[in-house]
Amino acid sequence: ISVFMFLTFVTRQQKRRAEELWKKKKKVKSQNTLEEKMKVMILHGSRQTGEMIRWRLGDDFERKIKKALDNNNLKFDYPDAPHQTKNGLSWTSGDLSVSLASVAQETDIVVGFSSGASMALALAGAGRVKRAAIIASPPSRPGLEDWGVNAKTISLPILVVVGAKDELIKPNESINTVRAVSSEAQVYQHPKGHCLPVRASDLQAYTRFLSKALEDKSISRTNKIKQIEITTPEIEDEAEALEAIFSEDFLRRSMNIFQVTLTREGKSKSLSLPLFLIAHLPPNYPNEGRPHYTIETRMNGLEFPHAASVALRSAADQAFVCGEPAVYSAVLACNDLLRDQGISEVRESIVEEEGITEQIEQSDDMSQIQAAVTQLELEALWRAARSKLDEEIMHESNSSTNLHKQLKTRGYWKLSVGIVGKPSVGKSTLFNAVTRSTGAKTAAYPFTTIDPNIREALYAMPVECEPIPIEDHLKKQTLAFGRDAHGRRLMPVLLKDVAGLVPGAYRGLGKGNRFLNDLCDTDALLHVVDASGETDENGEQRSADIGSQNLRDEVIWVREELHRWIVGNVAAKFNSVVRLAKHSIELAQERLRSLFGGYHCSPGLIDRALVLAGLDKMAIVSWTAMDLHRLVAFFLEMRFPTVIALNKCDRPGARERVLEFLQDKSRYCPAVPCSASIDALLVRDRTQQKIQYLDAATEIIELETNAPSIKPARNYFTQWKQSAGTLDALSLAVSRARPRYVFVVSDLDTLEGALAKRYHEIGQSKNIGPLADCIPLHPNASVNDVFHALKSLGLGGDFVRAEALDRTLSLRRVVKRHERIDENTCVIRIATNKKSHWQSSYHSSTTT
């Protein structure tokens, strides 16, 4: 019946009548708009700064003001008051001309709190506020005329915000102050104290006032410049037909935007709220232009996932036939999809359309994907990945869109390193050496470790990350973990020792995937290799001396296990990505990112790996198995940077093998010779006070004769001319993860550590002295991340301001709260406030 009505309505007679109706209507109506730039100035109160009030108001304040005024081009400004007092910054404690000169010449809207409210009135009285003002808790100023504000001189719309429990400035005082100079002042009273509240009801009051104020000024509420919207007879015909067919389910939002309510019958009858298909029709529709469809609903992402929206839009797009009305066909296509499959199945419908399932079994196809590249080709991919990434890092500082900005990683970094390798290469011995413990079992048989050993270890922070000159402060410092023999600061890192890998672990052989999964939450890998050649690939003792057999095979096959493990996991579900790409590139890219989500990485890392690998994500359907291996090679290098620990260098024949390996410049990652057994002996004897020994040293002081570590350690030092090497290997692995370090102080002159007072209060003496407190951060961290890290360590109060020094300790500057940490913010001081009694009740009842 609906189809018959539709065809009948577009007969020649009805078409002629529609043309006559169309000629009587306006041909031009606003649709697309350009937003006028508007300025909003926020003035803080005493004991505050611009940054502080911005943080207290929160992001919702700006977002909801923009939404209420329907203008995303609002520019918010948070200036600092120019006058410094013993209680902080102030607008009213000095020369008015200085205060007026410290802010912009004009603003559209001004919001002032406390003393900032007085400043806002002064700006309004001087004619520098064009649209409206919100004045919160202004103090009584008998001499307001000295500020240029005389009785009843302000005709600007003003909203006075007062607190019913304000003990500092009584509500009546604030109201009388404003109404003495403005006859248009309105009053909004909230139940709190001396504050500018931003609860939902408060924001609603502010936005309602601003919207009405702009309308009263004969200005459009949305404050927009109108452009032209053109309609056509074809669009008018289709609108009348749709209205006749769908009746109340059809809504014409504007001349060229139609809304139709979709069905909730069949398998979609359980939907709690309706779905709307929105059709945006271009001026040349339907002869040339295609309609653009969107799906709108008030359901949350769990009940109506994004994938379902993409599927419905795809169904609507496929119903288009050039030259014919398309909206009716699009609605029928969406309704059929909803009625027959429902929301729970609508995403899978895209894949099932061609008989494809999300999950495929390990089959000949999987074997072909793994066999598509040889070991030599994998080596070439790994070297290419490392070379490209090193090149990217080298040019990062000169690039406006560098690697870490795109990875979107930030915040305080609790670093972790995973130890990998075949069985019986000394992983647990190395674990005991760098964690200064004997907790991990060690033995000369495979799979000594079953469950992963996890413990805090120490690594050495590079000297080049410390301020210059650090030597001037060394004698005054007391560090929790001290420094090594080279003067490097020792820092904590979480170390995870997993079971050994055997050939075919990615297919589940040995302890297989279980132990590979244990590595997913680590930031870098330390690959331990038996440099002596005394164990085979399964960890068994060799029966014959293999002499100078190349180490490359052992190094490569463990890396290959990790690579093929990831390739196997991704390839098992990659078919679904290809199928989705045929319908929606957006959904295919989302699916591709999700395949790597189990490795604890951000979606930005996958996007960046695609760019560095030179792969076109728009052409996923044409990717080959080699392309997939190339993507995994770049991902592996970015997500799990690796260092090789050439262990057992104290064993006979190891030196020749290691020197030969180190001369090979084609290896995919750096390597460090070491002897975990000697370092473990040194740690044990030092703990038992038999020797004095600094980490990474090549000298030992005997406190007891015949200490077990003396002879083997000195022989090793003499032969290798270096320390036992385990600390160097772990430190290099951490540095390859590229954390950024910042030194937090309480005073930029004395450089006293920021947490010294906190340690004194709890009776600890660690980290005392200049530059004593150092925090590792993700590369894209901000000053705000440093503040939150300090709060987690016991620093109290709210953020007020921050100052920083560069690495040379010569460039001193004020830094903003959201400013990124870089080489010019090596040392930072964050000032916080203590809440006054009249603020305590407010802050205890809000999370702003």
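About the thresholds
- Per chain, the residues get numbers from 1 upward, laid out in the order the sequence is written.
- Per-residue local features of the predicted model are confined to residues with pLDDT of at least 70, and side-chain atom pairs are confined, for both listing and counting, to 80 or more; whole-chain, interface and lining totals are unaffected and use all residues.
- To obtain the side-chain values, all non-hydrogen atoms of the structure were included, while hydrogens and water were left out.
- Any residue with an atom within 4 Å of a point lines the site, the site being either a cavity, points on a 1 Å grid over the protein atoms alone where a 1.4 Å probe fits but cannot get out, or a pocket, an open set with protein on both sides within 12 Å along at least 5 of 7 lines.
- Grid points are joined across faces, edges and corners, and a volume is the space filled by probe spheres set on the points.
- Think of it this way: any DSSP run of H or I at least four residues long counts as a helix, any run of E at least two long counts as a strand, and we number them from the N terminus.
- Note on residue categories: nonpolar means Ala, Val, Leu, Ile, Met, Phe, Trp, Tyr, Cys or Pro, charged means Asp, Glu, Lys or Arg, and polar means any other residue, Gly included.
- Side-chain atoms within 4.5 Å link the members of a nonpolar core, which is a set of buried Ala, Val, Leu, Ile, Met, Phe, Trp, Tyr and Cys residues.
- Any residue under 20% of the maximum accessible area for its type is buried, any over 50% is exposed, and the rest in between are partly exposed; the area is computed with a 1.4 Å probe on protein chains only.
- Any pair of residues with heavy atoms lying within 4.5 Å of one another is described as a contacting pair.
- Strands are treated as partners if at least two bridges between them are detected by DSSP.
- Here an axis means a line fitted to C-alpha atoms, over the contact stretch when the element is a helix, while the angle between two N-to-C directions is reported on a 0 to 180 degree scale.
- Counted as salt bridges are all cases of a side-chain nitrogen of Lys or Arg within 4 Å of a carboxyl oxygen of Asp or Glu.

Overall, the coordinates contain 5 cavities of 30 Å³ or more when judged by the stated rule. A volume near 110 Å³ is recorded for the second largest cavity. Considering the residues around the second largest cavity, the lining is formed by Ala 433, Val 434, Arg 436, Leu 458, Asp 679, Val 683, Tyr 693, Asp 695, Ala 696, Thr 726 and Leu 727. For the lining of the second largest cavity, the secondary structure elements donating two or more residues are α16 (427-435), α23 (676-687) and α25 (726-736). Residues of the lining of the second largest cavity, tallied by class, amount to 7 nonpolar, 1 polar and 3 charged.

Ranked by internal contacts, the top residues of the largest apolar core, which has 43 residues, are Ile 566, Phe 574, Leu 592, Phe 596 and Ile 620. With 11 residues, the single largest contributor to this core is helix α18 (residues 552-581). Residues in contact with Phe 574, not counting those within four places in the same chain, are Leu 592, Leu 595, Ile 620, Trp 623 and Leu 628.

Here we have 5 strands laid out as an open sheet, ordered β26-β25-β29-β27-β28, and mixed in their pairing. Two strands close off the open sheet at either side, each with one partner strand: β26 (774-777) and β28 (812-815). Strand-to-strand twist in this sheet, taken as the mean axis angle between neighbours without regard to direction, amounts to 35°. Where strand β25 (residues 740-745) and β26 come together, 4 bridges link them in antiparallel fashion. By the bridge assignment for β26, Val 742 is matched with Ile 775. Contacting β25, β26, β27 (798-805), β28 and β29 (827-833), helix α27 (residues 783-792) runs over the sheet at an angle of about 65° to β29.

The subject of this paragraph is the pattern of salt bridges. Summed over all chains, the structure comprises 25 salt bridges. Here Glu 803 ties to Arg 812 by a salt bridge, and the two come within 3.9 Å at their closest N and O atoms. Take Glu 803: its relative accessible area is 15%, and that puts it in the buried class. Taking relative accessible area as the criterion, Arg 812 reaches 42% and is therefore assigned partly exposed. One network of salt bridges, with partners in common, ties together Asp 749, Glu 803, Arg 812 and Arg 829.

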